[in-house]
Amino acid sequence: MKTLAEMDYSVLQQCMHCGMCLPTCPTYVETKEERNSPRGRISLMRAIADGELDVTKAFGEEMYYCLGCLACTSACPADVNYAELFETARAEVEKKGVLASPKRDAIRWFALRLIFTRPRLLRFVGRLLWLWQVSGGQTAFRKLGLTRLLPKNLRRLEPQAPAVRAKFSHQLIRAVEKPAAMKRRVAVLTGCVQDLVFSDVNRATGDVLLANGCEVHTPPVQPCCGSLHAHNGDMESARELARRQLDLIDPTNFDAIISNAGGCGSHFRHYDHLLADDAKYAERAAEWSRKLRDVSEYLVEIDFRKPSAPARGACAVTYHESCHLCHGQKVSKQPREILKAIPGVELRECGEATWCCGSAGIYNITQPETSSWLQDRKVEHLRATGAVVVATANPGCHLQIENGLRAAGDKAEVVHPVVLLARAYREELQG
Amino acid sequence: MPLCATDLVKGLIGLLGSGEVLTELEDILPYCFDGTAALKQRPLAVVFARDASQVSSVIKLARIQGAPVVTRGSGTGLSGGSVPVLGAVVLCLVKMDRILEVDTANLALRAEAGAITQKIYEAADAVGLFYPPDPGSMKISTIGGNVAENSGGLRGLKYGVTRDYVMGLEVVLADGSICWLGSKCVKDVAGYNLRDLFIGSEGTLGVVTQVLLKLLPKPTARQTLLATYGRMDAAAETVSAIIASKIIPCTLEFLDRKTIQCVEDFAKVGLPRDAEAILLIETDGHPAAVADEAAKIEELCRAHGATTVRRAANAAEAAQLATARRSAFSALARLRPTTILEDVTVPRSELAGMIRAVEAIANKHRLNIATFGHFGDGNLHPTILTDERDTAEMHRVELAFADIVEETLKRKGTITGEHGVGLAKKTFLRRQLGDSSYELLRLVKRSIDPDNLLNPGKIFDQA
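Residues numbered from 1 in each chain as written. Chains lettered and ligands numbered in written order. Predicted model: local features only at pLDDT ≥ 70, side-chain atom pairs only at ≥ 80, totals over all residues.

S.K.: Account for the overall build of chain B, with residues named and values stated.
M.R.: Each helix and strand in chain B was counted, giving 16 helices and 18 strands. On C-alpha atoms alone, chain B measures out to a radius of gyration of 22 Å, which is about the 23 Å that the 2.2 N^0.38 rule sets for 463 residues. The principal-axis extents of the C-alpha atoms in chain B amount to approximately 70 × 60 × 45 Å. A burial count over chain B gives 54% of its 463 residues as buried. Sequence-distant contacts in chain B: of pairs separated by 6 or more residues, those separated by 24 or more amount to 70%. (Helix = DSSP H or I, 4+ residues; strand = E, 2+ residues; numbered from the N terminus. Rg over C-alpha atoms; globule rule 2.2 N^0.38 Å. Buried ≥ 20, exposed ≤ 12 C-beta atoms within 10 Å, placed from the backbone. Contact = placed C-beta atoms within 7 Å.)

S.K.: Outline the overall build of chain A, listing residues and values.
M.R.: Check the secondary structure of chain A and you find 25 helices and nine strands. Dimensions of chain A, computed from C-alpha atoms along their principal axes, come out at roughly 70 × 55 × 40 Å. Out of the 431 residues belonging to chain A, those deemed buried represent 51%. A sequence separation of at least 24 residues applies to 78% of the contacts in chain A between residues at least 6 apart.

S.K.: Give a description of the sheet that holds strand 4 (residues 89-92) of chain B that names residues and reports values.
M.R.: All names here are of chain B. The strand order across the open sheet built from four strands is 1-2-4-3, with neighbouring strands paired in mixed fashion. In the strand order of this sheet, the two ends are held by strand 1 (21-22) and strand 3 (69-72), each with one partner. Sheet analysis places strand 2 (residues 45-48) next to strand 4, joined by four bridges and oriented parallel. Counterpart to V46 in the pairing with strand 4 is V90. The strands that helix 1 (residues 5-16) touches are strand 1 and strand 2; relative to strand 2, the one it contacts most, it runs at about 15°. (Pairing = 2+ DSSP bridges. Axes fitted to C-alpha atoms, helices over the stretch in contact; angles between N-to-C directions.)

S.K.: Tell me about the interface of chain A and chain B, residues and numbers included.
M.R.: At the junction of the two partners, chain A supplies 25 residues and chain B supplies 27 residues. Every element with two or more residues in the side of chain A that touches chain B is listed here: helix 1 (9-13), helix 3 (38-49) and helix 4 (57-65) of chain A. Considering each element in turn, the side of chain A that touches chain B owes the most residues, four residues, to helix 3 of chain A. Looking at the side of chain A that touches chain B residue by residue, the classes come out as 12 nonpolar, eight polar and five charged. (Nonpolar A, V, L, I, M, F, W, Y, C, P; charged D, E, K, R; others polar.)

S.K.: Account for the domain arrangement of chain A, with residues named and values stated.
M.R.: Residues and elements named next belong to chain A. Domain boundaries in chain A define domain 1 (9-96), domain 2 (106-160), domain 3 (169-301) and domain 4 (315-430). Placing the centre of domain 3 and that of domain 4 at their C-alpha centroids yields a distance of 22 Å. The interface of domain 3 with domain 4 comprises 27 residues on the first partner and 23 residues on the second. Broken down by secondary-structure element, the contributors of at least two residues to the side of domain 3 that touches domain 4 are helix 12 (193-197), helix 13 (199-210), helix 14 (227-231), helix 16 (262-268) and helix 19 (295-301). Here the element with the most residues in the side of domain 3 that touches domain 4 is helix 13; it accounts for six residues. (Domains from an automatic or database assignment.)

S.K.: Break down the pairing of strand 18 (residues 379-386) of chain B for me, citing the residues and quoting the values.
M.R.: Residues and elements named next belong to chain B. Most of strand 18 is tucked away, with eight of its eight residues classed as buried. Bridge analysis of strand 16 (residues 338-341) against strand 18 gives four bridges, and the strand direction is antiparallel. The residue of strand 18 that forms the bridge with T339 is L385. Here seven bridges tie strand 17 (residues 368-374) to strand 18, and the two strands are oriented antiparallel to one another.

S.K.: An account of the domain arrangement of chain B is requested, with residue identities and associated values reported.
M.R.: Residue and element names in this part refer to chain B. Taken domain by domain, chain B holds domain 1 (5-92), domain 2 (99-217) and domain 3 (221-330). The centre of domain 2, based on its C-alpha atoms, is set 29 Å off from the matching centre of domain 3. Contacts between the two partners involve six residues from domain 2 and, on the opposite side, 10 residues from domain 3. Broken down by class, the residue content of the side of domain 2 that touches domain 3 amounts to three nonpolar, one polar and two charged.

S.K.: Explain the sheet that holds strand 3 (residues 214-217) of chain A residue by residue, including any values.
M.R.: Residue and element names in this part refer to chain A. Taken in spatial order, the five strands line up as 1-3-2-4-5 in an open sheet, and their pairing is mixed. Where the open sheet ends on each side, the last strands, each with one partner, are strand 1 (176-177) and strand 5 (292-294). Here three bridges tie strand 2 (residues 184-188) to strand 4 (residues 256-259), and the two strands are oriented parallel to one another. Residue pairing for strand 4: V188 is matched across the bridge by I258. Sheet strands touched by helix 13: strand 1, strand 2, strand 3 and strand 4. Its angle to strand 3, the strand with the most contacts, is close to 150°.

S.K.: Tell me about helix 15 (residues 235-248) of chain A, and please be specific about residues and values.
M.R.: Residues lying three or four places apart along an α-helix face the same way, a consequence of the helix completing one turn every 3.6 residues. Residues and elements named next belong to chain A. The first and last C-alpha atoms of helix 15 sit 20 Å apart over 14 residues, in line with the 20 Å expected at 1.5 Å per residue. Regarding helix 15, the residues found buried are M235, A238, R239, L241, A242, R243 and Q245. Elements in contact with the buried residues of helix 15: helix 6 (82-96), helix 14, helix 17 (271-274) and helix 18 (282-291). (Expected span 1.5 Å × (residues − 1).)

S.K.: Now, about the pairing of strand 5 (residues 99-103) of chain B: what can you tell me, with residues and values included?
M.R.: All names here are of chain B. As paired strands, strand 5 and strand 6 (residues 108-112) are joined by four bridges and run antiparallel to one another. Bridging across to strand 6, I99 finds its partner in A111. The loop that links strand 5 with its antiparallel partner strand 6 comprises four residues; one of these, L107, has a positive phi angle of about 50°.

S.K.: If you had to explain the environment of N212 of chain A to someone new, which residues and values would you point to?
M.R.: Residue and element names in this part refer to chain A. Looking at the secondary structure, you find N212 in the loop between helix 13 and strand 3. Separated by 29 residues in the primary sequence, N212 and K183 have C-alpha atoms spaced 8.2 Å apart. Apart from the residues lying within four places of it in its own chain, the contact partners of N212 are L299, I302, F304 and R305.

S.K.: A description of the confidence of the model for chain B should follow, citing residues and the corresponding values.
M.R.: Here chain B averages 95 in pLDDT, while 99% of its residues score no lower than 70. Taken together, the chains of this predicted complex give a pTM of 0.95 and an interface ipTM of 0.95. (pLDDT = per-residue confidence, 0-100.)

S.K.: Could you give an account of helix 4 (residues 117-125) of chain B, with specific residues and numbers?
M.R.: All names here are of chain B. Among the residues of helix 4, those classed as buried are T117, I120, Y121 and A124. Each buried residue of helix 4 sits inside an arc of 100° when the element is viewed along its axis, so together they form one side. At its buried positions, helix 4 is contacted by strand 5, strand 6, strand 7 (129-130), helix 5 (143-149) and strand 10 (206-214). (Arc of directions from axis to C-beta.)

S.K.: Give a description of the environment of D103 of chain B that names residues and reports values.
M.R.: All names here are of chain B. Note on placement: D103 falls in strand 5. Considered as a pair, D103 and G285 are 182 residues apart in the sequence and their alpha carbons are 22 Å apart. Non-local contacts of D103, meaning those with residues more than four positions away in its chain, are made with A108 and L109.

S.K.: Let's hear about the environment of D274 of chain B: which residues, and what values?
M.R.: Secondary-structure assignment places D274 of chain B in the loop between helix 9 (257-267) and strand 14 (277-285). Measuring from C-alpha to C-alpha, the distance between D274 of chain B and A289 of chain B comes to 33 Å, with 15 residues separating the pair along the chain.

S.K.: With reference to specific residues and values, describe the packing of helix 8 (residues 232-244) of chain B against helix 10 (residues 287-303) of chain B.
M.R.: All names here are of chain B. Viewed as axis vectors pointing N to C, helix 8 and helix 10 meet at an angle of 140°, and their least axial separation amounts to 9 Å. When the axis of helix 8 is compared with that of helix 10, the two are oblique. As for the relative orientation of helix 8 and helix 10, their crossing is right-handed in sense. Every residue of helix 10 that contacts helix 8 at T238, A241 and I242 is listed here: I297, L300 and C301. (Parallel < 35°, antiparallel > 145°, perpendicular 65-115°, else oblique. Left-handed = near helix turned anticlockwise from the far one by under 90°.)

S.K.: Go over unusual backbone geometry with me, naming the residues and quoting the values.
M.R.: Residue and element names in this part refer to chain A. Even without glycine at this site, K32 takes up a positive phi of about 60°. A count of 16 C-beta atoms within 10 Å places K32 in the partly exposed class. The backbone phi angle of K330 is positive, close to 55°, even though this residue is not glycine.

S.K.: How would you explain the packing of helix 4 of chain A against helix 6 of chain A if you had to name every residue and give the values?
M.R.: Two measures define how a pair of helices packs: the angle their axes make with one another and the distance between the axes. Residues and elements named next belong to chain A. Following both chains from N to C, one finds helix 4 and helix 6 inclined at 135°, their axes separated by 10 Å at the closest point. In terms of their interaxial angle, helix 4 and helix 6 are classed as oblique. In the crossing of helix 4 with helix 6, the sense of the turn from one axis to the other is left-handed. Between helix 4 and helix 6, the residues in contact are F59, G60 and M63 and A89, R90 and V93, respectively. Residues that form the contact of helix 4 with helix 6 fall into these classes: four nonpolar, one polar and one charged.

If you want it as structure tokens, here you go:
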């Protein structure tokens, strides 16, 4: 892994510090201090490359205060590759160990090296969590007030724990499913959180692709995409997971590789870059990146069939854009086209739709204050539309927004756009 | 460097609180530069003030300690005006960002210096009024910075620049005293017009803390046109023809081939990538007048060699085109590592000649220069695309600059139309002004800031 000093200097120089990124950066808007802005962070990275600054604890903290939402990359006329700078900087922070502590190291090992590299173990943990939730253990634990015994951070997070599904993706989707008349062959990526908590989204993804003539291949056990690792400075694991993914799914066999989670998709899309120096995998990774599509993007690309079921009355829907779908993958119009095609849906735009909701991977765990400020801001904008459905296409956003709405006493349904489309197709059959 | 830096920092913390005083390296490195290429300097501290009285106490303290004060807004300036000087206290006003009053009876708006230009535009727009000055960085630039640099923008041709909209200012002087200059009166000739002295003074005479702005009724109609040319000269001729036909469009912008390609790569608004030049023209006002002017402009474009003329279908498309144009400078950074922006302005009759001169200079010094700008104002932005680490090329850049200035002054132009002198144009100022005018500037500075406390070394060096 190249350090800031070793990387291509022109990537750092690309920032001409014009300031166009400032108004789109949530952390700058919160503090109004340059250090918390994209161009400020880049200036610190450049100072390290120039030998003017060491990799310090304060630098490390700054790199982890950044949400990694990439809103700055949409605003940047100069096309600065902030994602690469950000990943390189975080990797260097980890390498130098400026933030290291026994507790942090243990958590990182458990999450990055243990759980999120072993999909079967992750499902086992998910199953235990499910048992805890359905057996009444969780309810009893909460009722008895035992949450008070938890450490402060866990006490805060406990009520936000997502409800694990009774069935995971492989229990809902067969490895190969064939449409009535096959036009295309695609592979569907099921994700980690999506697999355990939103397996219905994976099922719906399969359904809408089948309805549009796609033969759908869904390998039952899939490794994590590695975005969690890459965004947290563990590039080695990120590369290893990418290689495993490419071993599992050979892109040459498919017309498209489909992701339905904004965060995973954004990382999947950059496998070409991630493995560019890997003699064995570079070519396959390039093919993979060429064929990687978000599900909404792909549906629009193949001119998906518009559902014809009669509308069951008007339904106001608003759309929250996942950062890594709109900024990371530049997919913004397509999910709206899906929503508008659904009979009865009235799409109401909300303010700051492209602003981060504060979920940002594990940011809601590491930076609770800024995360909850962004959550409140997001919920306010969503509620101002009066919509009864909030559509969004990333599991992290989904949970963060759902928790925010419930805390505000709002019952609006949070749902992935393809789940709504799959419903509309089903209603056609029910006539 | 002041003798007792630690005393100064302690004093600042005492005045403002520790959260508003930055001194750690990681905190102040991001304040070593503004939007200008290749200029940076490390300050002693960065402080945030919340009102004029805090600004006043910071200045009084800095004065006692002998530390220079460099005022800063969002740091988007393009002449190095807010680049710190060694050992300075950077006085950052972005946290003073309230819009205090929108007075529809007097068509005026009062805001703190750190208010964002775009927010001022929006606050006026919300009540059917209009704040016209629209510098390229308006989404983040502060109104205080606009006043300090007397910023222009795309609408300068018809509506003028920041100066034309400032009715009053609250200014903190170098001795810490706070004064109000101007009023809400349309006519006001009581005493010298000191308000105008501070507009465009680049932070060297005082610190603007509040601004009272004039607003206009919002034009009821707009029409944006995009004319494409196969020859640069044809575009320049069209501009002359439009002005000669006694039409003053709101906006009359020009982009050359390189700029068009970079802007299109970023904004994807359908600009013609193969055109040599485009003109982006907007007319606004009463619907009938707009329809009439747009028709005449379209006719003139075609008569002077436009290959196509496209009309924006609606307000959203027009806004997209204007936003795309505002990104031109930053979008050009896609081509080379360092982007150095010029701001020379010539009388409009000299435009075509000046453009050809810039082309010749680029060839002579083997440099890559893209040009865009406010054609209607004669305000050009030749942008040199280079690499600051290539010393040989940077030397040629300096020579090219000198040649561009030479050509500009020969044509009775000015070295800066809207970015200010700052550090970037300092060496050329005396040549443009002549000895007496130049000395008069320094005399004014000496009278108002005798200790050379405020933004020293900008515009000129004090003898």
